[in-house]
Amino acid sequence: MLDVQLYRYNAERDAKPYMQSMQAPDEFRQRMVLDVLEYLRETDPSLAYRRSCREGVCGSDGMNIGGKNRLACITAVSDALDDAGRLVIRPLPGMPVVRDLVVDQSLFFKQYERIKPWLINDQPAPSIERLQSPEERAQL
């Protein structure tokens, strides 16, 4: 069996966070961490985590897996096991925990908006689409 150590915290029920040991079949060693979480949630429906696209695009399933901040949907279990062969999953560090692996991302999004990580064009929008030359693409 695969030993999974999960960070658990529910403010309505728990005085403080704790690590819970759960088990998943060995076949999950060849799967993604998100698959393990979904299996464990079938066992314990109270387990809370975020997920959305499952393609590594949205970033909603970001968490600390095996001591590194990663996306559960694209992180192979085999790449995240510790020296003892355990899978250790914690919420992202430096963010307030809402519940279990779910963190409050409001400060992140506030800071993200302040840096404006998108293209800003000062020219009026064309009627169809903005075309880029190869040179403009190279600049980006």
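Fair warning: this is a prediction, and the values are worked out from it, not measured in the lab. (Residues numbered from 1 in each chain as written. Predicted model: local features only at pLDDT ≥ 70, side-chain atom pairs only at ≥ 80, totals over all residues. Heavy atoms only, no water.)

Chemist: Please explain the overall build of the protein chain as it appears in this structure.
Modeler: What the protein chain contains, in helices and strands, is four helices and seven strands. Reading the secondary structure of the protein chain in the N-to-C direction produces β-β-α-β-β-α-β-β-β-α-α. Whereas a compact globule of 140 residues would reach a radius of gyration of roughly 14 Å, the protein chain reaches 20 Å, over 25% beyond that. With the C-alpha coordinates of the protein chain rotated into their principal frame, the extents come out at 55 × 35 × 25 Å. By residue count, 34% of the 140 residues in the protein chain fall in the buried class. Within the protein chain, contacts between residues at least 6 apart in sequence are counted, and of these 47% link residues at least 24 apart. (Helix = DSSP H or I, 4+ residues; strand = E, 2+ residues; numbered from the N terminus. Rg over C-alpha atoms; globule rule 2.2 N^0.38 Å. Buried < 20%, exposed > 50% of the residue type's maximum accessible area, 1.4 Å probe, protein only. Contact = heavy atoms within 4.5 Å.)

Chemist: I keep staring at the state of the cysteines and nothing clicks. Help me out?
Modeler: Using the criterion set out here, one finds zero disulfides in the structure. Sulfur of Cys 53: no disulfide; nearest cysteine sulfur belongs to Cys 58 and is 3.7 Å away. For Cys 53, a relative accessible area of 29% gives the class partly exposed. Cys 58 sits in the partly exposed class, given a relative accessible area of 40%. (Disulfide = S-S within 2.5 Å.)

Chemist: Looking at this structure, how should I read helix α3 (residues 106-115)?
Modeler: Because each turn of an α-helix spans 3.6 residues, side chains separated by three or four positions in sequence point in the same direction. The element α3 is barely covered by neighbouring structure, given that only zero of its 10 residues are classed as buried. Following α3 by one or two positions, Lys 116 has its phi on the positive side, about 50°.

Chemist: How should the packing of aromatic side chains be read in this particular structure?
Modeler: For any pair of aromatic rings, geometry is given as the distance between the ring centres together with the angle between the planes. This model, assessed by the stated rule, comprises one aromatic pair. Ring plane angle 45° and centroid distance 5.0 Å describe the contact between Phe 28 and Tyr 39, whose orientation is recorded as tilted. Here Tyr 39 lies in helix α1 (residues 33-43) and Phe 28 lies in the loop between β2 (18-24) and α1, a separation of 11 residues in the sequence. Above the ring of Tyr 49, the side-chain terminus of Arg 41 is found at 5.4 Å from the ring centroid. (Phe/Tyr/Trp six-rings, centres within 6.5 Å; stacked < 30°, edge-to-face > 60°. Lys NZ or Arg CZ within 6 Å of the ring centre and 35° of its normal.)

Chemist: Just to check I follow, could you spell out the layout of surface pockets for this structure?
Modeler: Within this model, the largest pocket holds a volume of roughly 330 Å³. Taken together, Leu 119, Ile 120, Asn 121, Gln 123, Arg 130, Leu 131, Gln 132, Glu 136, Gln 139 and Leu 140 make up the full set of residues lining the largest pocket. Along the lines of polarity and charge, the residues of the lining of the largest pocket split into four nonpolar, four polar and two charged. (1 Å grid on protein atoms, 1.4 Å probe; cavity = no way out; pocket = protein on both sides within 12 Å on 5 of 7 lines; lining within 4 Å. Points joined across faces, edges and corners; volume = space filled by probe spheres on them. Nonpolar A, V, L, I, M, F, W, Y, C, P; charged D, E, K, R; others polar.)

Chemist: Got a minute to help me understand the sheet that holds strand β3 (residues 62-65) in this structure?
Modeler: What holds strands together in a sheet is hydrogen bonding between their backbones, with the strands either parallel or antiparallel. Judged by pairing direction, the sheet is mixed, and its five strands sit side by side in the order β2-β1-β5-β3-β4 without closing on themselves. Strand pairing shows two members of the sheet lacking a second neighbour, β2 and β4 (68-71), which therefore form its edges. On average, adjacent strands in this sheet sit at an angle of 35° to one another, irrespective of strand direction. Alignment of strand β1 (residues 2-8) against strand β5 (residues 87-90), held across three bridges, turns out to be parallel. The residue of β5 that forms the bridge with Gln 5 is Val 88. (Pairing = 2+ DSSP bridges. Axes fitted to C-alpha atoms, helices over the stretch in contact; angles between N-to-C directions.)

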